[in-house]
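Fold and contact review
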Amino acid sequence: MLERTLHKDRTEVTFVLPADTPPGPVSVVGDFNDWRPGVHALKPRKDGKRAVTVALPSASTHTFRYLAAGDYWFNDASAGDQDGPNSRLHT
């Protein structure tokens, strides 16, 4: 699930997953972090889910995927768009 907070010159996108699906550590990787795993690792929140927030330029398009333990890559169905094998989001 993606949550968006709009600001004047940027959009904060929060990537949200259930606490244990998939199990183990998960990070969001994409063109905004040069596809480097671990840069944006999801952390537990008070509501029991895991999340990480990334500030992105407004009116931009980005591709991303999640990377979980065991080299398990997966997409975010809530992104609503795909770019080849990747999820795509618009700010």
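Residues numbered from 1 in each chain as written. Predicted model: local features only at pLDDT ≥ 70, side-chain atom pairs only at ≥ 80, totals over all residues. Heavy atoms only, no water.

**Examining the side chain of Ser-27**
Tracing the chain through its elements places Ser-27 in strand β3 (residues 26-30). In this structure Ser-27 comes out as buried when scored by relative accessible area, which is 6%. Here Gly-38 takes part through its backbone nitrogen, which lies 3.2 Å from a polar atom of the side chain of Ser-27. Excluding its chain neighbours within four sequence positions, the residues that come into contact with Ser-27 are Pro-37, Gly-38, His-40, Ala-41, Leu-42, Arg-65, Tyr-66 and Leu-67. (Helix = DSSP H or I, 4+ residues; strand = E, 2+ residues; numbered from the N terminus. Buried < 20%, exposed > 50% of the residue type's maximum accessible area, 1.4 Å probe, protein only. Polar contact = N/O pair within 3.5 Å; in protein donor to acceptor, adjacent residues only side chain to side chain. Contact = heavy atoms within 4.5 Å.)

**Points about the side chain of Arg-50**
Mapped onto the secondary structure, Arg-50 falls in strand β5 (residues 50-57). Salt bridges are absent for the buried Arg-50, whose nearest opposite-charge side chain, Asp-20, sits at 6.4 Å. Among the polar contacts made by the side chain of Arg-50, one reaches the main-chain carbonyl oxygen of Pro-22 at a distance of 2.7 Å. (Lys, Arg positive; Asp, Glu negative; His and termini not counted. Salt bridge = Lys/Arg side-chain N within 4 Å of Asp/Glu carboxyl O.)

**Considerations on the environment of Arg-88**
Turning to its location among the elements, Arg-88 is positioned in strand β9 (residues 86-90). Arg-88 has contacts with Thr-61, His-62, Thr-63, Phe-64, Ala-79, Asp-81, Gln-82 and Asp-83, leaving out every residue within four places of it along the chain. There is a polar contact of 2.7 Å between the side chain of Arg-88 and the backbone oxygen of Gln-82.

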